[in-house]
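# Topology and contacts: notes
Next come the chains, spelled out residue by residue.
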Amino acid sequence: RVIADFSLNMLGEYDASGAESLRIRDLPGPPADVRRLPSGNFLLALAEAQKVIEMNRDGEIVCTAELEGRPTTANRLPNGNTVINLQFGKRVVEGDPGGRIVWELKGLNNALTAQALPNGNVLVCEMNQGKVEEYNREGQEVWELVGLHNGCQAQRLPNGNTLVSDEDGLHEYNPAKEKVWHLDVPRGRFWRY
């Protein structure tokens, strides 16, 4: 498991028992999101630094993309492209390895996270709107979950359900939008997982 710690400006990697196997401190900006790539490198969205970087296990930066709009999540696709949520830019973009934007979804309102889905769609959590939406490549909304209390993050699970965090806790919804699981958290705390 890889964890990004925004307040400590570091990332850590942990095995199934919780033992730390790697720690990289003093990143070039506090990490809003981290993913381990198949190569073993890490893909990090550095919101405050306006960058997305790829870093190897020695802490060396392999490549950098500077992006205005506060990148809060980054997902590497199998074709080598990267899908990035730009919270203040009000859009999600897909860039190729050369840095060229090949697709974008515009007009979002404070989307905190975006997840690239295997079917090519994008799952977006719009924090102040109280909803999670799935958009296809044509920019059409194909699924929507409403009524959240400041939704912070959404993730589509392998079983097709959607895991959502908001001020009321952590919730799992099936495709019919029925809540099938819930974990209470103290009211008013924002959780990202």
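Residues numbered from 1 in each chain as written. Predicted model: local features only at pLDDT ≥ 70, side-chain atom pairs only at ≥ 80, totals over all residues. Heavy atoms only, no water.

Here we take up the sheet that holds strand S18 (residues 169–173). Taken in spatial order, the four strands of this open sheet run S16-S17-S18-S19, and their pairing is antiparallel. Either end of the sheet is taken by a strand with one partner, and the two such strands are strand S16 (153–156) and strand S19 (179–184). Adjacent strand axes in the sheet meet at a mean angle of 15° when their direction is disregarded. By the bridge criterion, five bridges tie S18 to S19 in an arrangement that is antiparallel. Considered in S19, the bridge of Gly169 is made with Asp184. (Pairing = 2+ DSSP bridges. Helix = DSSP H or I, 4+ residues; strand = E, 2+ residues; numbered from the N terminus. Axes fitted to C-alpha atoms, helices over the stretch in contact; angles between N-to-C directions.)

With that settled, consider the pattern of salt bridges. Summed over all chains, the structure comprises 13 salt bridges. With its nearest N and O atoms 2.8 Å apart, the salt bridge here joins Glu20 to Arg23. Between Asp33 and Arg35 there is a salt bridge, with its nearest N and O atoms 3.1 Å apart. Since its relative accessible area comes to 8%, Asp33 is described here as buried. Judged by relative accessible area, which is 27%, Arg35 ranks as partly exposed. Residues joined in a network through salt bridges with shared partners are Glu13, Arg36 and Arg57. (Salt bridge = Lys/Arg side-chain N within 4 Å of Asp/Glu carboxyl O. Buried < 20%, exposed > 50% of the residue type's maximum accessible area, 1.4 Å probe, protein only.)

Mapped onto the secondary structure, Asn75 falls in strand S8 (residues 71–76). By relative accessible area, Asn75 is classed as buried at 7%. In this structure the side chain of Asn75 is engaged in a polar contact, spanning 3.2 Å, whose partner is the side chain of Arg35. Engagement of the side chain of Asn75 in a polar contact is seen with the backbone oxygen of Ala114, the distance being 3.1 Å. (Polar contact = N/O pair within 3.5 Å; in protein donor to acceptor, adjacent residues only side chain to side chain.)

Nothing here speaks to function; it is all geometry.
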